[in-house]
Every structure is written in structure tokens, then in C-alpha cells.
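One-letter residues, chain by chain:
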Amino acid sequence: MSVESAAVAAPSAAAVRNCFSHGTAGVTGAALRRLLGMGAYGTVHEACLADGCSYAVKFQRYRSERERARILGEVSTQRVLWEQHAVGPRYVGSWQCAEQRVVAIVTELWAGGSLDECEYVPPRVVDRLEAQVRSMHRAGYLHNDMFPRNVLVRRDGYGHIDDATITDFGLASKMPVQGDDDEWALARARRAIEQITARDPDDATRYYSPCMVAGLISLAGNVTTRQLEDEATGALFARNPWLLDFVLVQSLRILGQ
Ligand SMILES: Nc1ncnc2c1ncn2[C@@H]1O[C@H](COP(=O)(O)OP(=O)(O)OP(=O)(O)O)[C@@H](O)[C@H]1O
Ligand SMILES: [Mg+2]
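One structure accompanies this document, and this report is about it.

Conventions adopted
Residues numbered from 1 in each chain as written. Chains lettered and ligands numbered in written order. Predicted model: local features only at pLDDT ≥ 70, side-chain atom pairs only at ≥ 80, totals over all residues. Core = buried A, V, L, I, M, F, W, Y, C linked by C-beta atoms within 7 Å. Buried ≥ 20, exposed ≤ 12 C-beta atoms within 10 Å, placed from the backbone. Helix = DSSP H or I, 4+ residues; strand = E, 2+ residues; numbered from the N terminus. Domains from an automatic or database assignment. Contact = placed C-beta atoms within 7 Å. Near = placed C-beta within 6 Å. Expected span 1.5 Å × (residues − 1).

## Remarks on the nonpolar core
Right, so step 1: The biggest cluster of nonpolar side chains holds 47 residues, and the ones touching the most others in it are Tyr-55, Val-57, Ala-104, Leu-129, Val-151, Ala-164 and Leu-248.
Right, so step 2: Examining the composition of this core, we find that six residues originate from one element, helix 10 (residues 243-256), more than from any other.
Right, so step 3: Residue assignment places this core across two domains, with domain 1 (3-108) and domain 2 (123-256) each supplying three or more.
Right, so step 4: Apart from residues lying up to four places away in sequence, Val-57 is in contact with Leu-32, Val-44, His-45, Ala-47, Ala-104 and Val-106.

## A word on the site of ligand 1
Right, so step 1: Taken together, 22 residues lie near ligand 1, and Gly-37, Gly-39, Val-44, Ala-56 and Asp-168 sit nearest.
Right, so step 2: Where the shell around ligand 1 is concerned, the elements lending two or more residues are strand 2 (31-38), strand 3 (42-49), strand 4 (52-61) and strand 6 (102-108).
Right, so step 3: Inspection of the shell around ligand 1 shows a minimum of three residues originating in each of domain 1 (3-108) and domain 2 (123-256).

## A look at helix 4 (residues 123-138)
Right, so step 1: Helix length check: helix 4 (16 residues) gives 22 Å between terminal C-alpha atoms against 22 Å at 1.5 Å per residue, within 8%.
Right, so step 2: Summarising the contacts, the buried residues of helix 4 are in contact with helix 3 (65-85), strand 7 (141-142), strand 8 (151-155), strand 9 (161-166) and helix 10.

Shown next as C-alpha cells:
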């Protein structure tokens, strides 16, 4: 899906007043500032609520009940992971505008934005990211979309990264039970490997990540990128789907050495 066709305009203030809201009492006074990101399903803006401008609001428009259910699943994952496991940016609240078919998720603003491709991340910050991936898995979720743009960072006065957190739980799923739905897991692992190693320029803008290919190779053993697409490697990732969530972390470690 192209970014243009998926772009979501923020609902008007009047529309927002009629929306169902959770946790964001000040949301009726929401004012949007700059655009932070445009993803496959929606837009993210820096926003001001009643008590200040340290918020990010992710708007996603749904066109069917199925899409609505997926977005509400993302809201609930984001909320549970933050409230019960301290994973992700602080979850502030969410609201839903039935009229405009928009769901908004409000989180704390991370002023450093996303991790840049191949950027140096100090080992203690990589440790923190790895701990978050492990906590998420212990809580029973797979992220399924761990790549640089889905990591938010904070920077010190020199611009160096001094903290990071995982975000974007739009593709997160419940951890599959071993032996459960092997076909599905295999297909998903193959797709992820194809995406990571894709040379197609459209896919490349989102998925082709030299850093992640380096990490994937190190996880899968001493193999070439071509071999990563073979059956045995696909099966390895299918049996251990959580490995895919560690590819980025592993890559950052290698690059940081
Ligand atoms: N809390 C936040 N603070 C600062 N920036 C944020 C925050 N949340 C999201 N962003 C920015 O907005 C971008 C898009 O957010 P997110 O990944 O959640 O949406 P998405 O629509 O799923 O995007 P994509 O399809 O690119 O993965 C992020 O990559 C990040 O740069
Ligand atoms: Mg994202």
C-alpha cells in the first residue's frame, strides 16, 4: 500500500469531542504539532494535551471491522506492555472516532525520533533493547516488525543515543505454542526473511537493512544471504519465531563492536 493512499488526516476538534476516549481526559484540547512519521497505516504527530506538548498521537483509519479489530489489538498490546511490563513508550491513552473511523493511540513523545539505519548504539542501550524484547516475549507477545524505524531513541546534548525503546506493535501477535500452526509460522518466517533480504527498491525503503542482514547471517550461522532464503533457514526461524525479533538487536551489537 502506498503511503499516499494510507495517509490519515487528523480528525477535527469537533469530531474528536464526539469520540470515545480512554485515559486521555485532556484529549478534547488536543492540538497537533509537527508530523513525526507516516507509516503504512496512518500518521503520527507530536501533540499537545491539556498539560503540555510531550505527546505523540498515532492516527489510524480503518475501513473494515477486521482492520478496526487489528488496531484495537495494537492499542491493547501497547497498553499491556507498558502498564504491566514497562515495554515501549509510556502509554497515555487512546480514543476512537466512530464517525471518522479513526483510532488514535497517545504515547509519550520520544524527542530523538527513530533510530537511524546503522547508527551506533552504545552496548548498554542495546542491552536495554534486548531486555525489552525478552520481557515482551515473557509476556507472551512477538513483535514481528523489529527494524530501525520501530525503535525510538533519546539523545544527550551531543546527539549521542542514551536510551531506546521498542515501539509499533501493529504486527505483534501472541507467541505461538510449539507445534501449533507450523505451516503459518513457516510462511511468516519465510516472508520476514524475504523482506529483510529484498532487493526490490519499494521494499528496500522499508525493509532492506544492511544492519539486519548482518545480524541475520550471524544468527543463522556462517551462510550467504542467498542461503538465508533456503528451506533449512526458513525452518529454523519457523521453529524459533522469536529469533526474528532479535535480529536487529544482534545487528546493533555487531555494528557497535
Ligand atoms: N512516541 C513517539 N515519539 C516520537 N516519535 C514517534 C513516537 N511514536 C512514533 N513515532 C514516529 O512515528 C513513526 C511511525 O510510528 P509507528 O511505527 O508506530 O507507525 P506505523 O504507521 O506503524 O509506521 P511504519 O509503517 O513506518 O512502521 C515512527 O517510526 C517514529 O519515527
Ligand atoms: Mg513503524
